[in-house]
Amino acid sequence: MLGTIPMLHYFKSKNEYSGAHFGMRYYFTTKKEIQQKEDGTEEEVPVLAGTIWPEPWAKEYTDPALHIKKTFPFTEEGRKQAAEWLETTYNSDEERWHTCPSILDSEPWKPEPEPSTENN
């Protein structure tokens, strides 16, 4: 169901979560971010990281310019914010998600080849 994100224990167990709703695909995982503490020092903290992109291709084969990314605190409140973000993103542009191209009518994204460094 859209707007439902697994409990934090699911992510603490190093699981990832992905799904799709009509033409909107999404993926959630945990990652570490460096955050500034009040005393000026830095600390590494876990966050819940979400990515949304349009169908028809997997995340790796969709142009990164089409990815919508956001991180949330790795707390119950952050999990709820992630679920709200997922639902709001879908509802704010429902037509976009219902009119994604078919996999039969499009090609996967491929990164530009690295420029050759050969000396001729």
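Throughout what follows, the structure given in this document is the object of discussion.

Rules behind the numbers
- Residues numbered from 1 in each chain as written.
- Predicted model: local features only at pLDDT ≥ 70, side-chain atom pairs only at ≥ 80, totals over all residues.
- Heavy atoms only, no water.
- Phe/Tyr/Trp six-rings, centres within 6.5 Å; stacked < 30°, edge-to-face > 60°.
- Buried < 20%, exposed > 50% of the residue type's maximum accessible area, 1.4 Å probe, protein only.
- Helix = DSSP H or I, 4+ residues; strand = E, 2+ residues; numbered from the N terminus.
- Lys NZ or Arg CZ within 6 Å of the ring centre and 35° of its normal.

Our next topic: the packing of aromatic side chains. Counted under the stated rule, the structure contains seven aromatic pairs. Ring centres of tyrosine 10 and phenylalanine 11 lie 5.4 Å apart, and the angle between their planes is 85°; on these two criteria the pair is classed as edge-to-face. Under the relative-accessibility criterion, tyrosine 10 is labelled partly exposed at 30%. The exposure class of phenylalanine 11 is buried, given its relative accessible area of 2%. Plain terms: the ring middles of phenylalanine 22 and tyrosine 90 are 6.3 Å apart, the flat faces sit at 20° to each other, and that makes the pair stacked. One end of the pair, phenylalanine 22, is in the loop between strand S1 (17-21) and strand S2 (24-36); the other, tyrosine 90, is in helix H2 (residues 76-92), with 68 residues separating them in the sequence. The exposure class of phenylalanine 22 is exposed, given its relative accessible area of 51%. Relative accessible area serves as the criterion here: at 5%, tyrosine 90 is assigned to the buried category. Here the aromatic residues Tyr10, Phe11, Tyr17, Tyr26, Phe28, Phe72 and Trp85 are joined through ring pairs into a cluster of three or more. Between the NZ or CZ atom of lysine 59 and the centre of the ring of tyrosine 27, over which it lies, the distance is 4.0 Å.

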